[in-house]
Amino acid sequence: MEDYSIPSDAKPYLVEVTEFELKATYKHFAVPKVEQAVFLLARISGWEDLNLIEGDANIYFGGSYVGESYIKTSGVADTLDISLGRDNKVSIERVKVRDFTDNKVLGNSRKDILEFEMVVKNLRNTPVEIEIQDQVPVSGDDDIIIDVVNIDGAKHDVNSGILTWNILAENGKSEKRDLSFSIKYPKHMSISKQKSMRAVRAKF
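Source: prediction; values computed, not measured.

K.L.:
Help me understand the overall build of the protein, please; the structure alone is not making it clear to me.
P.N.:
Assigned secondary structure in the protein consists of 1 helix and 13 strands. When the helices and strands of the protein are listed from N to C terminus, the series reads β-β-β-β-β-β-β-β-β-β-β-β-β-α. Relative to all contacts within the protein whose residues are 6 or more apart in sequence, the contacts with residues 24 or more apart total 66%. For the protein, the exposed surface amounts to about 13,400 Å²; the carbon and sulfur share of it is 47%.

K.L.:
Explanation requested: the layout of surface pockets in the structure shown.
P.N.:
Over the atoms, a rolling probe the size of a water molecule traces out where space has been left empty. Volume-wise, the largest pocket comes out at about 1,200 Å³. In this structure, the largest pocket is lined by 30 residues; those nearest its centre are T18, F20, A57, N58 and I71. A total of 7 residues in the lining of the largest pocket trace back to one element, the largest contributor, which is strand β3 (residues 55-61). Looking at the lining of the largest pocket residue by residue, the classes come out as 21 nonpolar, 4 polar and 5 charged.

K.L.:
Looking at this structure, how should I read unusual backbone geometry?
P.N.:
Leaving glycine aside, a negative phi is the common case for residues, and trans is the common case for peptide bonds. Unlike most non-glycine residues, A10 shows phi in positive territory, near 65°. Relative to the helices and strands, A10 resides in the segment before β1 (24-30). Judged by relative accessible area, which is 84%, A10 ranks as exposed. The residue D152 is not glycine, and still its phi comes out positive at about 55°. By secondary structure assignment, the location of D152 is in the loop between β10 (145-150) and β11 (155-156). The class for D152 is partly exposed, based on a relative accessible area of 29%.

K.L.:
Explanation requested: the confidence of the model for the protein in the structure shown.
P.N.:
Any region with low pLDDT has predicted coordinates that should not be read closely. For the protein, mean pLDDT is 82; residues scoring 70 or higher make up 86% of the total. No element of the protein has a lower mean pLDDT than helix α1 (residues 193-199), which averages 43, and none a higher one than β11, which averages 96. In this model, residues 193-204 is a region of pLDDT below 50 whose contacts with residues beyond four sequence positions or in other chains number 24 contacts.

K.L.:
It is not clear to me how the sheet that holds strand β2 (residues 39-45) should be interpreted in this structure. Could you clarify?
P.N.:
Adjacent strands of a sheet pair through backbone hydrogen bonds, lying either parallel or antiparallel. Taking strand neighbours across the sheet as the criterion, the 6 strands line up as β5-β2-β1-β9-β12-β11 in an open arrangement whose pairing is mixed. Sheet topology places β5 (79-86) and β11 at the edges, where each strand pairs with a single neighbour. Pairing between β2 and β5: 6 bridges, direction antiparallel. The partner of I44 across the bridge, within β5, is L80.

Scoring rules and cut-offs
Residues numbered from 1 in each chain as written. Predicted model: local features only at pLDDT ≥ 70, side-chain atom pairs only at ≥ 80, totals over all residues. Heavy atoms only, no water. Helix = DSSP H or I, 4+ residues; strand = E, 2+ residues; numbered from the N terminus. Contact = heavy atoms within 4.5 Å. Areas by Shrake-Rupley, 256 points an atom, 1.4 Å probe, with all protein chains shown as cover. 1 Å grid on protein atoms, 1.4 Å probe; cavity = no way out; pocket = protein on both sides within 12 Å on 5 of 7 lines; lining within 4 Å. Points joined across faces, edges and corners; volume = space filled by probe spheres on them. Nonpolar A, V, L, I, M, F, W, Y, C, P; charged D, E, K, R; others polar. Buried < 20%, exposed > 50% of the residue type's maximum accessible area, 1.4 Å probe, protein only. pLDDT = per-residue confidence, 0-100. Pairing = 2+ DSSP bridges.

Right, here's the structure in full:
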């Protein structure tokens with residue numbers, strides 16, 4: 001450890017205790033249902049022997065301060081993910097195409113269809129790999145049936161309803177993914193959007 005001389009002037013000083021170099025890969029990530037922004041993650045390996053403790057951290061990237069993050073080490077496997085903040089050169093937009101507008105009465109039931117469209121735009125000079133997450137609601141009521149109409153190639157976890165797309169967005173181009181699902185329920189039920197989402201236990 002390097003020696004430091006600290007003035008006795010009652011002012012706070014930052015002291016660098018130690019420095020480590022670790023391998024990292026970079027990944028873009030977005031959950032547009034929650035926030036229509038694309039974030040850059042640093043995925044760090046070989047961190048297990050550093051005796052890191054959980055806590056707030058100041059993050060610098062490319063020599064510039066990008067903000068604060070939280071280092072969470074408990075329950076983490078061999079890769080530690082640290083957010084480097086938004087990447088403003090990659091954007092994502094989640095647009096509602098149809099929202100309970102196609103109401104079809106089938107016998108004693110009503111069927112509503114919801115459709116969404118997600119568009120990723122890459123303004124960088126190189127291709128970008130991005131993971132996008134969304135979700136199909138999960139029904140907790142036998143009278144309410146959720147059917148997937150189109151998840152456009154996403155990986156679907158049927159227990160949680162989580163959808164995952166891994167997309168390679170070419171530089172200067174846009175990529176589009178579609179999501180649609182239906183909700184079938186007894187026609188005597190009168191449900192608003194908010195009530196139906198609670199009824200099917202949407203977990204966004």
